[in-house]
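Working through the structure, step by step
The primary structure of each chain is shown beneath.
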Amino acid sequence: MPEIDVALLGKTFGEQRALDDVSFTVGDGELFTLLGPSGCGKSTTLMSIAGFQTPDEGRIAVGGEQFFDASRRLNVAAERRNLGIVFQSYAVWPHMTVFDNLAFPLKVRKLSRKDVGTRVREVLELVDLAPYEQRYPHQLSGGQQQRVALGRALVYSPSVLLLDEPFSNLDAKLRERARSWVKDLQHTLGLTTIFVTHDQDEALSMSDRVLVMNGGVVQQVGTPEDVYRRPVNRFVAEFVGRVNLITGMVARYENSTAIVDAGEAVRGLRVHVEHTLLPHASLTVAVRPESLVVEPANAATYNGTNTISARVTSIAFLGDHYQYELDAGGLALTAQSPKQVDSADVKVHIPPDACAVVE
Amino acid sequence: MASVAHDTLVLPRPRRQLLPAGVLQAAVWLLVVGLIVGPFVPMLYASVRDRPLYEAGGVLTLDAYRQLFSDGAFWRAWVNTIEYASLTTAVAVAGGAAAAILVSRTDLALRRAFGRLILLPILLPPLGLVLGWIVVWGPGGYLTNLFSQRLHIGTLAIDTVPGMSLIEASRLLPVAYMTCEAALARADSSLEDAARSAGASPARVLRSVTIPMLRPALLNSATLIFTLAVASLGIPLLLGTARNIKFVSSYLYLQWTNAAQPDPATVSAGAMMLLLVATLLLLLRNRLLGAEARYVSIAGRAGRNAMLPLRALRWPLAALIALYLVFSTLIPVLGLAVMSVVVVLTPLVAPWHLLTWANWHQLATGEFHRAIVNSLEISLVGAVLATALVAIATLVAHRSRFPLRKALPFVMLYPRATPGLIVGIGFFWTYLLTWGVGSWLRGSIWGIMLAFCVRNLPFAYVVMYPTLARIGEELDRAGRAAGAGWWRTSRSIVLPLLRPAIFSAFILMFVEILCDYDPALFLVKPGNEVIGTTMLSQFIQGTVGPVAALAMVQVGVTVVVLGLGARLFKYGSSSIGVTGGHDA
Ligand SMILES: Nc1ncnc2c1ncn2[C@@H]1O[C@H](COP(=O)(O)OP(=O)(O)O)[C@@H](O)[C@H]1O
Ligand SMILES: [Mg+2]
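Residue numbers restart at each chain and count upward from 1, following the sequence in its written direction. Labels are handed out in written order, letters beginning with A for the chains and numbers beginning with 1 for the ligands. A pLDDT threshold of at least 70 governs which residues receive local features in this predicted model, and a stricter bar of 80 or more applies before side-chain atom pairs are shown or counted, although totals over entire chains, interfaces and linings include all residues. Computation of side-chain values covers all heavy atoms of the structure but excludes hydrogens and water.

Re the site of ligand 1
Residues and elements named next belong to chain A. Spelled out, the test is: Here a residue counts as near a molecule or strand whenever at least one of its heavy atoms sits within 4 Å of it. Throughout this description, a polar contact denotes any pair of N or O atoms lying within 3.5 Å of each other; where both atoms belong to protein, one of them has to be capable of donating a hydrogen while the other can accept it, and for residues adjacent in sequence the pair is counted only when both atoms sit in side chains. Per-residue accessibility takes into account occlusion by the displayed protein chains alone, with areas from the Shrake-Rupley method and a 1.4 Å probe. Put simply, Ala, Val, Leu, Ile, Met, Phe, Trp, Tyr, Cys and Pro go in the nonpolar bin, Asp, Glu, Lys and Arg in the charged bin, and everything else, Gly too, in the polar bin.
The environment of ligand 1 is made up of Phe-13, Gln-16, Ala-18, Pro-37, Ser-38, Gly-39, Cys-40, Gly-41, Lys-42, Ser-43 and Thr-44. A distance of 2.6 Å separates an oxygen atom of ligand 1 from a polar atom in the backbone of Gly-39. Backbone polar atom of Lys-42 to an oxygen atom of ligand 1: 2.9 Å apart, as the coordinates give it. Out of a free accessible area of 560 Å², ligand 1 has 61% covered by protein chains. Taken together, the residues that form the shell around ligand 1 break down as four nonpolar, six polar and one charged.

Here it is in structure tokens:
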């Protein structure tokens, strides 16, 4: 049974369509990420699930229980949805100690004093904050405050955890650590989680599945590999990592391979396609920089198919790899490789199965 | 990382609240709107009825309006009122803006001290200050006599329209000061720096950058000051009546109290007209504020403030501001203080030959004593009740999903625009029409308290709203997500965070209720006197010494209470600034 079921959400602010037919389901125990540029409607989606935004259209159900249904004017109050939420600002209550912050949801649920103490300590232990229980939020670092927020969201064993850009206020080093820490915690607890971010690295490294959205419209839903390797459109290709876009014309088909001509230099490029288009249709192919193979012009490998010659216009050394800016007869390409290639004239091989047709 | 079996624990889902939040929100909304708008309904009714509401029978008619509009005195009163309000506005806005620029954008001497002292005239009891002015500068006043008899120099006659507006302007100047100061604090001074590095002289920068930047604040405070001046009653009544200069407010008051046969319908009709004007002015101001908000968002964040050098003018300008404070505050208060301890105040005999404690002794007896006790009582109880109600109403207005919440900010600011006299007439009719409760309220000090609370409730709102706006909404959402309903979230999270502002609002409400008087003029009865009404009626009857002593009590309590909230003084005052500068 899907844990979270969001169907056809729509929301308009004034003239602006903030959500347009947003639908997805999140499986039990899954870490599901909403990824997209700022302002694309991620928070609006998340807050609709949490009950703080009222969409104009659509349905939301969690664990089989209907929370929202615009057509039936059903809208369960936020406080009765029993979801755990970590806000972007953490929203740790400044006038309460760490202990009191975590105790509040339990007091609301009328637990006995003793049970409150036991449960809060248990969760403080879980989020590594046991020594800080009597501190006030302003006496904590950003990372610690974030863990207070997480502890507070977990203390009442919610069925679902919602995280709205939880790492955006942390510095780069801390962010790395917090990511793997949250990922582990989520995994250990087996919590169904929706995670919102605009950072593609974060989305790819943490998620079971990723939903990419733009302008309130879902672009693609899939595993991190899917959205990275097989982006369905130009937006996804460009937003999820660096990409080379090669636009050309289909010359003909050979089974499920399209033969594409893209300008003078790139002729007869073989590209895997799922469905065939009309010959002479224009199409754009996305290739990740690290999929390109760069060899010296005189190397013996890769002769013929999908291999073009190019000139190196610049090389940058980035620690674990080199980045090559190439000029293939007027077509600019970026390639990444751990290997160093010294010659100015190179061959570039474009593996057919590394090409994703994006339009 | 410790691993804990997460799913062993099964907690109850949060329960549905016994009382849905909507019911509480609706109750608070109705109470606030009912208290503020409600009293004007009987007044409107009274104005279109051919006989008073307490008489049975009667038919609807527009006679009262016809009669009022055909009365030349009424139109003369309007002419006087508009002249008075315009002069007041011009002087107060020019002075207030100049002071704000000097204090926040130049290296004026003693600018920090002035920044606070300049607020005094608006914080001290208005009626007491007017009496102080009269005692010192009025016809037959101490300094007036001293100058004319001893030095043979004429002084400005304060019992003329320009004279009266000068007093009013000196009282309302801080309103313009605070609005402009707030606008300057928000505006980025790098705009001015840029003009200076482009070679503009300080005077040029002032003319081309600073003043245009202030335009929304100037318009906004001008509308507010104009409204407050139109509503003013004390000055017209005390200074204008003797010379037969009537203003709309004093015309209506005298129609009611002095006419051989009081005509409630005509007075109510006049009150409706005044209310209409005040409402239009408030609506106008709301539109101006909209413009200002747009402007501010463009201006961006406040930056570091570089001071324009005044050079040789540093001290002369400081002296000018000091002079303003001496005239508007020090001399009236000193005049009252001296007046309260002498038999008579005259330039012919040195005051120390005429010392007496008799005036102060009188305060322990009769009406004076009752007035003090009553005033303290209603100030305390009223401040507590009004602050509590406004705190919750502010949450309903800004932190709830109550469908009609958007009306609350406007409604809560409305009494600020309505003349106190009209609030008084409204409550008078309301109490008459609400049987048991009404007659109990009419017969006790609590009826006066209610009118004072309603009249001054905007102060509490404007103190609380800016603080609430700074409390991130995610904090209460986190409470809701944790399972707490609206009221529980408000009680455990938002209200505790709002506490400093609630305390400031309480202090301010206490002082405002203590110093208020005009809504009570129609409600007061023997036994129910409050300080303001007693001061006014006794002064009109010619009792000056004890009235001065009473005014000193009011000044003293005000200063002590504001001082007690000293840490919050800055807070409170900057929020009154918000009265002028910032509505919802
Ligand atoms: N309360 C609101 N009123 C008007 N517009 C809003 C409101 N909340 C969000 N929006 C608009 O809806 C769009 C989506 O916002 P949001 O969901 O917050 O984006 P993000 O993906 O950055 O979280 C944005 O363009 C934003 O300007
Ligand atoms: Mg967001």
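Structure's up, so let's keep going.
Digging into the domain arrangement of chain A
Residues and elements named next belong to chain A. Test applied: Per the annotation, domain bounds derive from an automatic or database assignment of domains. Contact between two residues is taken to exist if any of their heavy atoms lie within 4.5 Å; hydrogens are not considered. Put simply, buried area is how much 1.4 Å-probe accessible surface two parts lose in total, over both of them, once they are put together. By definition here, a salt bridge exists when the distance from a side-chain nitrogen of Lys or Arg to a carboxyl oxygen of Asp or Glu is within 4 Å. Going along the chain from the N terminus, every DSSP run of H or I of four or more residues is numbered as a helix, and every run of E of two or more is numbered as a strand.
Split by domain assignment, chain A resolves into domain 1 (4-238) and domain 2 (242-358). Taken together, the contacts link eleven residues of domain 1 with ten residues of domain 2. For the domain 1 and domain 2 pair, buried surface summed over both sides reaches about 790 Å², with 49% attributable to carbon and sulfur atoms. Taken together, the connections running from domain 1 to domain 2 amount to zero salt bridges. Seen at the junction of domain 1 and domain 2, the total is three residue pairs in polar contact (both at pLDDT 80 or more). Going through the elements one at a time, helix H7 (224-229) and helix H8 (234-239) are the ones with two or more residues in the side of domain 1 that touches domain 2.

Here's the deal with empty space enclosed by the protein
All names here are of chain B. As a reminder, the rule being used: Grid spacing is 1 Å over the protein atoms alone, the probe is 1.4 Å, and a cavity is where that probe fits but cannot get out, while a pocket is an open set with protein on both sides within 12 Å along at least five of seven lines and lining residues have an atom within 4 Å of a point. Grid points are joined across faces, edges and corners, and a volume is the space filled by probe spheres set on the points.
Evaluated as defined, the whole model comprises eleven cavities of 30 Å³ or more. Its volume calculated, the largest cavity comes out at about 450 Å³. Residue lining of the largest cavity: 24 residues in total, with Pro-126, Arg-171, Arg-416, Arg-455 and Glu-512 positioned closest to the centre. Among the secondary structure elements, those contributing two or more residues to the lining of the largest cavity are helix H6 (120-123), helix H7 (126-137), helix H9 (161-186), helix H11 (202-231), helix H12 (234-240), helix H21 (445-470) and helix H24 (499-515). Considering only residue class, the lining of the largest cavity consists of 14 nonpolar, three polar and seven charged.

Notes on the environment of A:His321
Residue and element names in this part refer to chain A. For His-321, the location among the structural elements is in the loop between strand E17 (307-317) and strand E18 (322-328). Note: C-alpha distance between His-321 and Phe-24 (297 residues apart in sequence) is 37 Å. Once you skip the residues sitting within four places of it in the chain, His-321 turns out to touch Ala-316, Gln-336, Ser-337 and Pro-338. Within the structure, the side chain of His-321 is placed 3.0 Å from the side chain of Asp-320, a separation counted as a polar contact.

What to know about the interface of chain A and chain B
Across the boundary between the two partners, chain A contributes 49 residues, which contact 30 residues of chain B. The junction of chain A with chain B conceals about 3,500 Å² of combined surface from both sides, 60% of it contributed by carbon and sulfur atoms. When residues of chain A are sorted by the area they lose upon contact with chain B, A:Phe52, A:Glu79 and A:Arg80 head the list and together hold 20% of the total. Put simply, chain A and chain B have one salt bridge between them. Note that B:Arg480 is salt-bridged to A:Glu79, the shortest N-O span being 2.8 Å. Here chain A and chain B share nine residue pairs in polar contact (both at pLDDT 80 or more) between them. When residues of the side of chain A that touches chain B are traced back to their parent elements, those giving at least two are strand E5 (65-69), helix H2 (98-108), helix H3 (113-126), helix H4 (142-154) and helix H5 (172-189) of chain A.

Description of the packing of aromatic side chains
As a reminder of what qualifies: Stacked, edge-to-face and tilted are the three classes for Phe, Tyr and Trp ring pairs, Trp counted by its six-membered ring, which pair at centre distances within 6.5 Å; planes under 30 degrees apart are stacked, over 60 edge-to-face, the rest tilted. Each residue's exposure class comes from its accessible area (1.4 Å probe, protein chains only) as a fraction of the maximum for that residue type: buried when under 20%, exposed when over 50%, partly exposed otherwise. Geometrically, a lysine NZ or arginine CZ counts as sitting over a ring once it is within 6 Å of the ring centre and also within 35 degrees of the ring normal.
Applying the stated rule across the entire model yields 26 aromatic pairs over all chains. Plain terms: the ring middles of B:Tyr461 and B:Tyr465 are 5.9 Å apart, the flat faces sit at 25 degrees to each other, and that makes the pair stacked. Here B:Tyr461 pairs with B:Tyr465, and both are found in helix H21, just four residues apart, close to one helical turn. On the accessibility criterion, B:Tyr461 (1% relative accessible area) is buried. Of the residues examined, B:Tyr465 reaches a relative accessible area of 15% and is grouped as buried. Grouping aromatic residues by their ring pairs yields a cluster made of B:Tyr65, B:Phe69, B:Phe74, B:Trp75, B:Trp78 and B:Tyr251. A cation over an aromatic ring shows up here: A:Arg147 above the ring of A:Trp181, its NZ or CZ 5.9 Å from the ring centre. Positioned above the aromatic ring of A:Tyr228, the side-chain terminus of A:Arg288 is 4.2 Å from the ring centre.

Quick look at the sheet that holds strand E9 (residues 192-197) of chain A
Residue and element names in this part refer to chain A. Quick reminder of the rule: Strands were regarded as paired on the criterion that DSSP finds at least two bridges between them. The axes are straight lines fitted to the C-alpha atoms, using for helices just the contacting stretch, and the angles between their N-to-C directions are given from 0 to 180°.
Read across the sheet, six strands follow the order E7-E8-E9-E3-E10-E11 without closing on themselves; strand pairing throughout is mixed. Each edge of the open sheet is held by one strand with a lone partner, namely strand E7 (84-86) and strand E11 (217-222). Geometrically, the sheet is characterised by an average inter-axis angle of 15 degrees between neighbouring strands, direction not taken into account. Note that E7 and strand E8 (residues 160-164) share three bridges and pair parallel. Bridging across to E8, Gly-84 finds its partner in Leu-161. Seen against the sheet, helix H1 (residues 42-50) touches strand E3 (31-35), E7, E8, E9 and strand E10 (209-214) and runs at an angle of roughly 150 degrees to E8. The strands touched by H4 are E7 and E8; relative to E7, the strand with the most contacts, the crossing angle is about 170 degrees.

A word on the nonpolar core
For clarity, the cut-off: Put simply, a nonpolar core is a bunch of buried Ala, Val, Leu, Ile, Met, Phe, Trp, Tyr and Cys residues held in one set by side-chain atoms that sit within 4.5 Å of each other.
Ranked by internal contacts, the top residues of the largest apolar core, which has 229 residues, are A:Phe24, A:Leu162, A:Ile194, B:Met43, B:Leu108, B:Met412 and B:Trp429. Here this core gets 16 residues from one element, more than from any other, and that element is H21(B). Once residues within four sequence positions are removed from consideration, B:Met43 is found in contact with B:Ser268, B:Ala271, B:Met272, B:Leu275, B:Ile422, B:Ile425, B:Gly426 and B:Trp429. By size, the runner-up hydrophobic cluster in this structure holds 38 residues, among which are A:Phe99, A:Ala103, A:Ala149 and A:Leu185.

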